[in-house]
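Results of the structural survey
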Protein chains: 4
Amino acid sequence: MGEIRVGMIGYKFMGKAHSHAYRDLPMFFPETTKPVMAALCGRDEAGVSAAAKQFGWDGYTTDWRELVKRDDIDLIDINAPSDAHKDIAIAAAAAGKHLFCEKPLALTLADSREMLQAAEQAGVKHMVGFNYRFAPAVQLAKKLVDEGRLGRIFHFRAWFLQDWIIDPDFPLVWRLQKEVAGSGSHGDLGAHLIDLAHYLVGDMNEVIGMNETFIKERPMPSSMTGLSAKGSKDAPRGQVTVDDATLFMTKFANGALGSFEATRFAAGHRCTNSFEINGSKGSVKFDFERMNELQVYFTDDAEDVQGFRRVLATDPSHAYAAAWWPPGHTIGYEHTFIHEVHELMEAFREDRQPAPNFHDGVKCQAVLEAVDRSIDERRWVAIEEM
Amino acid sequence: MGEIRVGMIGYKFMGKAHSHAYRDLPMFFPETTKPVMAALCGRDEAGVSAAAKQFGWDGYTTDWRELVKRDDIDLIDINAPSDAHKDIAIAAAAAGKHLFCEKPLALTLADSREMLQAAEQAGVKHMVGFNYRFAPAVQLAKKLVDEGRLGRIFHFRAWFLQDWIIDPDFPLVWRLQKEVAGSGSHGDLGAHLIDLAHYLVGDMNEVIGMNETFIKERPMPSSMTGLSAKGSKDAPRGQVTVDDATLFMTKFANGALGSFEATRFAAGHRCTNSFEINGSKGSVKFDFERMNELQVYFTDDAEDVQGFRRVLATDPSHAYAAAWWPPGHTIGYEHTFIHEVHELMEAFREDRQPAPNFHDGVKCQAVLEAVDRSIDERRWVAIEEM
Amino acid sequence: MGEIRVGMIGYKFMGKAHSHAYRDLPMFFPETTKPVMAALCGRDEAGVSAAAKQFGWDGYTTDWRELVKRDDIDLIDINAPSDAHKDIAIAAAAAGKHLFCEKPLALTLADSREMLQAAEQAGVKHMVGFNYRFAPAVQLAKKLVDEGRLGRIFHFRAWFLQDWIIDPDFPLVWRLQKEVAGSGSHGDLGAHLIDLAHYLVGDMNEVIGMNETFIKERPMPSSMTGLSAKGSKDAPRGQVTVDDATLFMTKFANGALGSFEATRFAAGHRCTNSFEINGSKGSVKFDFERMNELQVYFTDDAEDVQGFRRVLATDPSHAYAAAWWPPGHTIGYEHTFIHEVHELMEAFREDRQPAPNFHDGVKCQAVLEAVDRSIDERRWVAIEEM
Amino acid sequence: MGEIRVGMIGYKFMGKAHSHAYRDLPMFFPETTKPVMAALCGRDEAGVSAAAKQFGWDGYTTDWRELVKRDDIDLIDINAPSDAHKDIAIAAAAAGKHLFCEKPLALTLADSREMLQAAEQAGVKHMVGFNYRFAPAVQLAKKLVDEGRLGRIFHFRAWFLQDWIIDPDFPLVWRLQKEVAGSGSHGDLGAHLIDLAHYLVGDMNEVIGMNETFIKERPMPSSMTGLSAKGSKDAPRGQVTVDDATLFMTKFANGALGSFEATRFAAGHRCTNSFEINGSKGSVKFDFERMNELQVYFTDDAEDVQGFRRVLATDPSHAYAAAWWPPGHTIGYEHTFIHEVHELMEAFREDRQPAPNFHDGVKCQAVLEAVDRSIDERRWVAIEEM
């Protein structure tokens, strides 16, 4: 299968990132299956047609129901707001289309399970957009864990800190509305951390969390796009219905202890998506704001030169790096999507399921909801309850 | 009161740090009350007499019960193992001596309350050794909080990471035995974090924790001192009866969310005593391994130059710094004790209670035990329950 | 002028970077003039045809002399090895083509002056590829200088450190041969530093340098591409005819002192292109390995919170950043080329010369040669001598 | 020789640092020879008597000529202003006293040679106060070099950056007057870098430098002590007769290239005394503002985890560290003096010359003057010319 024809629904922040990934992939990874940017879909015709032209799509449509049935489309890429994921995915699967869905898969665990079931019944490929796995530095962390070079894992701690809504006059954008976003920092940011934990450490046994909405009312926005929005501070105010911050602790199945924090109220942190793993043979630290770097420590280094190494994951020995620039020449956020799409295309080339796929999406959703339940019921919640 | 005559019980790690603080204080802070190193006390005569000579004490004794009654002693400094604190403190208070006790105050909250009561009934001064408060960078954090320069506090996260017992053959030293140490990483390391949280953010409403003992049996040591020990890996093994790691979450009375982690299993972290505070107007970050630095962020910096500043707290405007060296010339761990003793001597000079005192020690103990209870009972525990 | 049709000569490291810039520009900067990837040129037909397909060029040719005369080409992009720049540029200018030439402009100052003269006589636009100017963090440094926010400049120090040829068995690639490369670390790396110095601080009065070739003979390569090469350590050896490292000092016209170091023998430095500026009101520091960051210090910060700020140049207030991702989402090396091409296209849109242009290339070449002369003659050399 | 009786001349910045070193040494290094603080000397009786009391000296005097002849004194410690070093050292040597002299040894190379000759003729021990050698992290760098773990050295670059006189109204303290200080940033800061270069890399063949006095006139001070001073900006102005900044380049005898910069005009740098060494097998980086750390890189690390390690030189395997606190507990500026005095006392215990001694002081002075000559004569100057 030399080409895959893509129909994509959504063209804002994630839509732009995905479009660019499709554009760039064949230039830097010419040996894999080639995605063809067939059609872009959005509700607003002016918006979607302009985006299609700007991003390089062959065509556009305003009707996703029509799109998912088109014979000339192999793969449906879903990055519309979260409340739309489920219906689209199920319809597309029913039409035999492969699925690439942004995280979170759905607003609820039950919905995400339906989506997985639909995909499996249809026998299509399915991928979920946990793009941070695809930073070369994260891939290096995974490799060190898998090769046993960190030993037995004792600790995983992770935090995703942002600061874009500290201002109490920042408008009530859709990401702050539960009925559209499903969740606040927890589902938006925490979901990434949970996936990284699953990827790097493994399954969790039980969780307990707490959360807070620091600013409970905000002015209604006059317009919004991506993470930014416009509005008057004097506009009528509405209720913030999602969490501003969620923290939780977990015990992993392998005995490791985990702690997680997702917040949009950490001044000075534009996008600190960070984790650390401590094992019996070594440790690693990652911070997305310095995404090309992994801090690595080994207990068996010579005793007078033990210390965290700042590894710049741009050498030919690092995942994906050889496709880019010489060592020391860094890459950026958008490259995580190119690598993600590479994995998706490789799955086509090798005829296998990509990873992460809807199983991972469901697993993440189960933890998200277990945490929410633990908050509601003020108790430890086992993942298997879910 | 120009001089205070000190009798000190304990002469290992903390005893050395305190001795040095008494020695150095008059040279760098000549204007405060002068501590006189009157007598050192320990059980082993050969050890204590050698230490007294080496550290500069005027005399020594092996009998603390005799020491606390001596007329020529004003202040009893208690840094013997934790299980000895209570009896000494109560006897010393009964004899009208002022008290300076290492943390944790006692093995239990009840004991620590008895100690506070004894001190208050005797009308003596009492201080507890939370020395990390006295790093100039921590003092700067406190100043920024108190002056409102960080605004409303949303988050406090803290972790105290060490790695000295990752090796499963490291011997079973007294710090790993509950009957002597009372607690493991929680009471040893977590106690410092809890005090910093109280100092910087305020009281906590409720907590929930988890802990783990990763290595459950260890060889008995042949000798030990401070944090180091000797022993054969083939020695008979005994049970580790304290936690290797404890994590907990809290809600502060002021609405902030807190997370805490103390562990001795974080490879590569020799002594990462670190915290971060996020407020509506700014943030600060501290790491004891770079104890002269405070990372400071303000939301009202000009929009094109916003970022965490690395403030080296060695300028004349910083606490204690003017007594030391020119700007940029850093100080070390032992200086926290010199500043701590400075506070104690200032309390004499100004005839007031020093801070932190036994009230702070009891407050810390209450949180420690509330966390333990939350672990035993797998539920949120309100501090006021304690 | 809505579109500019590009013919590009060279398709290795720089050719790939330029191609990608042309591909990405219209998607992220749709409002500027659009470059059309008309034809790619290289000597090896198999190579150039494959590259043209992979990179997205409409066609290809193996004859640059034919290319520069084609009516359907507006702009000639020259990124062939340095010894080919001059002939191509002069021929292209004679044919009325606009010019975009990689640095260094030519092998000698005299040649670069001819190129400038040719471009000026032809009345075409001309740009030279000093791409590092276009990192948003560097743009921020420039803005702070221009706005006087650093005050009077006292110091500029810069170093470009790499480590890719430390191994004495690394083959004798073209970059190590004077007749092709013109210069070693000096012309390759130092040239970038010199341009940044001109851009950020201004003209230099005089220079004095020193250099060294640490490994004087190397095995001949069997093949090479970009910065990498293959070869046997047992291959016959040839003479390294360029410098492995060059350092020099300068006095700027404005009274500032400058120091420069370019080396390929700094173990651990994959691509440390770094500079610092110290002025009477503040300082900035930049390191390309963390290219999204600028360290900024102001002398007029409140006295208790003075320190270098780590500014992540990804906010909407930073150059180019609004075209990319939300704050905190970093970009990479290749983006410097996209911004560079943006400047070039803006020059078309606004009908002006782009910056940096051949004047800057000549100025840089003059310093390069002045340094070489200062090394040969072991004396200070005034730039105006050149 | 169990004790050495010290007479010390000077009691300001360095005098305080030395006094503290004598006080602390026996407590932390009880196995070495013990310095006895016999007598302190200064011109102002009120000042010196107060200092003697505060610092813990047994007595004081205002007449150094009397002091150097006293029978009960073994060692003369000279930390008076630089212009007084020579006469004191020669008189003390003539009286058979051992010598410990702050750097720079003297105002001129000729003077420093006279001092060395006097010491050698008298057969006394002599040490010069290059204290930065004694940071454990610097000792680690030395160890790595000596053990060949960095391989062949290619580069040494060093800079000592301060910012305490950027304000043009900062008074004309003695350090800015050539007749007292001998030199400005060059002799004060550069001297330390030169000594580190000698210590870590070896002898230099030739040098060329440049310097600048950015602020040529300053108000006369009303009082001054250490690095600080008071004065009115409206006071009469005097001429600054030393350099504000000096840079130079060198070729080492072993073929390495060196670059040096000393300045008091680097805003944001309180005390950045920093160097980097690049060798064929590895590199090290040091910054005094983080003096407990050495960044270490090895070329033979596994290819996927190569990177600079941040080694905290507080482990038992590091020089001096076992005498202090557990790993991760840092030390400060003053400890360099304690270690320096330890070396001096060990020299007594082992009856050998300490290092660095007057030979090192003379070597440093030769480079300082060679640089000055290279500036005056605008040419490379060989060290052997001196």
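Keep in mind that what you see is a predicted model, and the values were worked out from it rather than measured. (Residues numbered from 1 in each chain as written. Chains lettered and ligands numbered in written order. Predicted model: local features only at pLDDT ≥ 70, side-chain atom pairs only at ≥ 80, totals over all residues.)

What follows concerns the sheet that holds strand 3 (residues 59-61) of chain C. All names here are of chain C. Spatial ordering of the open sheet is given by 3-2-1-4-5-6, a layout of 6 strands whose pairing is parallel. The open sheet terminates on both sides in strands that have one partner only, identified here as strand 3 and strand 6 (126-128). Shown here is a sheet whose adjacent strand axes are inclined to one another by a mean of 25°, direction ignored. Direction of pairing for strand 1 (residues 3-9) relative to strand 4 (residues 75-78): parallel, over a ladder of 4 bridges. What sits directly across from V6, in strand 4, is L75. (Pairing = 2+ DSSP bridges. Helix = DSSP H or I, 4+ residues; strand = E, 2+ residues; numbered from the N terminus. Axes fitted to C-alpha atoms, helices over the stretch in contact; angles between N-to-C directions.)

Moving on, we come to the relation of the copies chain A and chain B. Expressed as a screw operation, the relation of chain A to chain B combines 0.0 Å of axial shift with a rotation of 180°, fitting to an RMSD of 0.0 Å. Classification of the inter-copy transformation places it as that of a two-fold axis. Relative to the rotation axis, the C-alpha of R379 of chain A is the closest in chain A, positioned 2.9 Å from it. Comparing contact sets, 100% of the residues at the interface of chain A also lie at the interface in chain B, consistent with an isologous, same-surface contact. (Least-squares fit on C-alpha atoms with pLDDT ≥ 70 in both. Contact = placed C-beta atoms within 7 Å.)

Right, let's get into the relation of the copies chain A and chain C. You can overlay chain A on chain C at an RMSD of 0.0 Å; the transform is a turn of 180° with a shift of 0.0 Å along its axis. In this assembly the copies share their binding face: 100% of the residues contributing to the interface of chain A also contribute to that of chain C.

Of the residues lining the interface, 27 residues belong to chain A; the matching set on chain C comes to 27 residues. Breaking the side of chain A that touches chain C down by element, the ones donating at least two residues are helix 1 (13-28), helix 2 (45-55) and helix 9 (333-350) of chain A. Across the side of chain A that touches chain C, the residue classes tally to 12 nonpolar, 10 polar and 5 charged. (Nonpolar A, V, L, I, M, F, W, Y, C, P; charged D, E, K, R; others polar.)

With that out of the way, let us pick up the packing of helix 4 (residues 85-94) of chain C against helix 5 (residues 109-122) of chain C. Residues and elements named next belong to chain C. At a minimum axis separation of 8 Å, helix 4 and helix 5 run at an interaxial angle of 10°. As the angle between them shows, helix 4 and helix 5 are arranged roughly parallel. Seen from helix 4, the contacting residues are K86, A89, I90, A93 and A94; seen from helix 5, they are D111, E114, M115, A118, A119 and A122. A breakdown of the residues in the contact of helix 4 with helix 5 according to their chemical character gives 8 nonpolar, no polar and 3 charged. (Parallel < 35°, antiparallel > 145°, perpendicular 65-115°, else oblique.)

Below, the discussion takes up the interface of chain A and chain B. Taken together, the 31 residues of chain A in the interface contact 31 residues of chain B. Those elements that place two or more of their residues in the side of chain A that touches chain B are strand 7 (153-161), strand 8 (204-212), strand 13 (245-252), strand 14 (257-263), strand 15 (272-279) and strand 16 (282-287) of chain A. Tallied by class, the residues present in the side of chain A that touches chain B amount to 15 nonpolar, 10 polar and 6 charged.

Our focus in this paragraph is the pairing of strand 4 (residues 75-78) of chain B. Residues and elements named next belong to chain B. Here strand 4 shows a buried face lined by L75 and D77 and a second buried face lined by I76 and I78. Bridge analysis of strand 4 against strand 5 (residues 98-101) gives 4 bridges, and the strand direction is parallel. Across the sheet, residue I76 finds its bridge partner in strand 5, namely L99. Crossover connection from strand 4 via helix 4 (residues 85-94) to parallel strand 5: handedness right-handed. (Buried ≥ 20, exposed ≤ 12 C-beta atoms within 10 Å, placed from the backbone. Right-handed = clockwise from strand over helix to strand, strands pointing away.)

Function-wise, these values are silent; they only describe arrangement.
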